[in-house]
Amino acid sequence: MRTSPALKKLVLAHPFLANVKPSVGLHFCQCGSLQRFDVGKQLFCEGGKADSFYLINNGQVLLEAFVPGRRMITIQAVGPGEALGWSWLFPPHQWHFSATAVKPTEALVFAAKRLREKAQQDHEFCYELVIRLAGVLAGRLEDVRTRLIYAHQYTPGI
């Protein structure tokens, strides 16, 4: 499959793919497209089919979760240079959170099914993908941990 030079440049310049081997980068280029999301546009919805992976170029997206009996709570704001979405990699391929653009947002969007197929065919690609996603997940867990500690220290009665 042929990829436009402009798309290839955007994909390979994204921090998520920093120092990626050319063969691995090519797989990403073949699965991606550039999409724009207006303010208020939902990229995905909690419980929905997880069929895409996002690399944010510019703008901002809120990652949110529904708390029964209450409302949506913000988990994290995701912005330029960051990756969004991991539910597409693990069965049953359903989103665990919702994501909504809160600023005009431009993102590289990758077809999850094609990424999974390429990961099954090419173990080097699979390794790079999983290691990079694990880094994102570890960073998000550390962020949540820090926020929980901070909230616990400054909330009366806890």
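Here goes a summary of the coordinates provided. (Residues numbered from 1 in each chain as written. Predicted model: local features only at pLDDT ≥ 70, side-chain atom pairs only at ≥ 80, totals over all residues. Heavy atoms only, no water.)

**Side note on the environment of Glu64**
In step 1: With respect to the secondary-structure elements, Glu64 resides in strand β3 (residues 52-66).
In step 2: Distance from Glu64 to Phe97, taken between C-alpha atoms, is 5.6 Å for residues 33 residues apart in sequence.
In step 3: Setting aside anything within four residues of it in sequence, one finds Glu64 in contact with Glu46, Met72, Ile73, Thr74, Ile75, Phe97, Ser98 and Thr100. (Helix = DSSP H or I, 4+ residues; strand = E, 2+ residues; numbered from the N terminus. Contact = heavy atoms within 4.5 Å.)

**As for the packing of aromatic side chains**
In step 1: Inspection of the entire model under this criterion finds 10 aromatic pairs.
In step 2: Aromatic pair Phe16 and Phe28: ring centres 6.4 Å apart, planes at 75°, arrangement edge-to-face. Here Phe28 lies in helix α2 (residues 22-31) and Phe16 lies in the loop between α1 (5-13) and α2, a separation of 12 residues in the sequence.
In step 3: Classification of Phe16 as buried rests on a relative accessible area of 7%.
In step 4: On the numbers, 6.0 Å between centres and 35° between planes, the contact of Phe53 with Phe110 is tilted. With Phe53 in strand β3 and Phe110 in strand β6 (residues 98-111), the pair connects residues that are 57 residues apart, well separated along the chain.
In step 5: Note on Phe53: relative accessible area 0%, which makes it buried.
In step 6: Taken together, the aromatic side chains of Phe16, Phe28, Phe53, Trp88, Phe110 and Phe125 make up a single cluster linked through ring pairs. (Phe/Tyr/Trp six-rings, centres within 6.5 Å; stacked < 30°, edge-to-face > 60°. Buried < 20%, exposed > 50% of the residue type's maximum accessible area, 1.4 Å probe, protein only.)

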